[in-house]
Amino acid sequence: MNAPRTRFDLAEDRSASAPPEARGLARDEVRLLAASPEGVQHATFRDLAAFLNPGDLLVVNTSGTLPAAVDAVRDERVITVHFSTELDDGTWVVELRAPGGPLLDGRVGERLSLPAGAVVTLREPHVAGAQRLWRAKIDVEGEVAWYLAKVGRPIRYGYVPRAWPLPNYQTVFALDPGSAEMPSAARPFTPELVTQLVSRGVLFAPILLHTGVSSPEAGEPPYGERFRVPATTAALVNWVRDQGGRVIAVGTTAVRALESATNPGGLVTAAAGWTELVLGPDRPARAVDGLITGLHTPETSHLLLLEAVVGPELVQRAYDAAVRRDYLWHEFGDVSLLTSR
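Quick look at the structure, then. Because the structure is predicted, anything quoted here is derived from the model rather than measured.

**Quick look at the sheet that holds strand β2 (residues 39-44)**
Overall, mixed pairing links the nine strands, which are arranged β2-β1-β18-β17-β15-β3-β13-β14-β16 in an open sheet. Of all the strands in the sheet, the pair left with one neighbour each is β2 and β16 (271-275). Between one strand and the next, the sheet's axes are offset by a mean angle of 20 degrees, whatever the strand orientation. As defined by bridge partners, strand β14 (residues 225-229) adjoins β16 across five bridges and the pair is classed as antiparallel. The partner of Arg226 across the bridge, within β16, is Trp274. The sheet contacts of helix α3 (residues 231-242) involve β3 (57-61), β13 (203-209), β14 and β15 (247-250), and relative to β13 the element is tilted by about 135 degrees.

**A few points about unusual backbone geometry**
Positive phi is not limited to glycine here, since Glu76 has a value of about 70 degrees. Residue position: Glu76 is located in the loop between β5 (69-74) and β6 (77-86). For Glu76, a relative accessible area of 81% puts it in the exposed group. Although it is not a glycine, His330 sits at a positive phi angle of roughly 80 degrees. Checked against the element boundaries, His330 lands in the loop between α6 (312-324) and β18 (335-339).

**Here's the deal with α6**
Counted at 1.5 Å a residue, the expected span for α6 with its 13 residues is 18 Å, and the 18 Å between its end C-alpha atoms agrees. Taken as a whole, α6 has its buried residues at Pro312, Leu314, Val315, Gln316, Ala318, Tyr319, Ala321 and Ala322. Close packing links the buried residues of α6 with β1 (31-36), β2, β17 (290-294), α5 (301-310) and β18. Just past α6, the residue Asp326 takes up positive phi, approximately 60 degrees.

**Some points on the pairing of β6**
Counting buried residues in β6 gives seven out of 10 residues, a clear majority hidden from the surface. Connecting the antiparallel pair β5 and β6 is a turn made up of two residues, with Asp75 showing a positive phi of about 50 degrees. Where β6 lies against strand β7 (residues 92-98), six bridges are found, and the strand directions are antiparallel. From the neighbouring strand, His82 faces β7, where its bridge partner is Glu95. Once β6 ends, the chain turns through five residues before running back antiparallel as β7, passing Gly90 with a positive phi of about 90 degrees.

**Structural notes on the environment of Gly117**
Take Gly117: it is sitting in the loop between β9 (111-113) and β10 (119-125). The sequence separation of Gly117 and Val140 amounts to 23 residues, and the corresponding C-alpha distance is 7.3 Å.

**Quick word on the side chain of Thr275**
Secondary-structure assignment places Thr275 in strand β16. By relative accessible area, which is 3% here, Thr275 ends up buried. Among the polar contacts listed, one links the side chain of Thr275 to the backbone nitrogen of Leu277, at a separation of 3.1 Å. In this view, Thr275 contacts Leu209, Tyr223, Gly224, Glu225, Phe227, Arg256 and Ser260; residues no more than four positions away in its chain are not counted.

Cut-off values and rules
- Residues numbered from 1 in each chain as written.
- Predicted model: local features only at pLDDT ≥ 70, side-chain atom pairs only at ≥ 80, totals over all residues.
- Heavy atoms only, no water.
- Pairing = 2+ DSSP bridges.
- Helix = DSSP H or I, 4+ residues; strand = E, 2+ residues; numbered from the N terminus.
- Axes fitted to C-alpha atoms, helices over the stretch in contact; angles between N-to-C directions.
- Contact = heavy atoms within 4.5 Å.
- Buried < 20%, exposed > 50% of the residue type's maximum accessible area, 1.4 Å probe, protein only.
- Expected span 1.5 Å × (residues − 1).
- Polar contact = N/O pair within 3.5 Å; in protein donor to acceptor, adjacent residues only side chain to side chain.

Shown next, in the form of structure tokens:
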């Protein structure tokens, strides 16, 4: 996998450790960094309308967040199982974790006991040659999603020291539960802000992409995720582009889904299934002119995606500015709007 060209150092205290509401802010009062070829500007997310034009299209992900972390007993000690992705045969991709990070010593056939009598049986590594993610059989009464709703909690990492209820991990667009982690770029949107944008002529269209767990091992490429681009969304994207408007994806998930339905000439058609698409120097964006996204950690594949949409020079300028201005990273942090025109 290619390495991103964007380089920066991120201090540990730049991770948002709690939702903005816990810091005395409304969802749409997080900071907004708007970067385009004309320059970099700083605002709050509530000011988003100032950076959009009538006829611009925002493509939003309607996936909802699952309470996908469940305690398990392994060799008489408690670990955590992260439920990442449900596969077509009913098995799940799971990750075993301890407080210090992923456990890489899973064994084929290993059985883990979960609450309420459920059992996880590891079948095989999900990614050949890697031990972080496993395909697993889940023995549970009823649907796994129902089980998670009863015993699970939202996935969180060490930079968030305390648990927060599931509503803190849902976006205003969340209609279809299925993501292991929140599609967090849309978190700052509120019903009032959406109403304001629509009233000013900004368009919205839905896609669906269920995200898996993050924290990939070094060198591990993004893996397959389930997605859907409706025919109406495809038609609207094509129309907006024909009219000279901008197509702006809300989140890297929306970019991945939409670009998975785009042909080499930039035409978008309805599509559904699994996407393995990795955007980068060898596969730049064809339909997306920009994106709203959180701030991503150094050397991740997300930075490659950003560079594929707006170019590495603009991404570098944006991240240099975010570091200088002490923006906050991760799902509860600040947000950027990056546009190529």
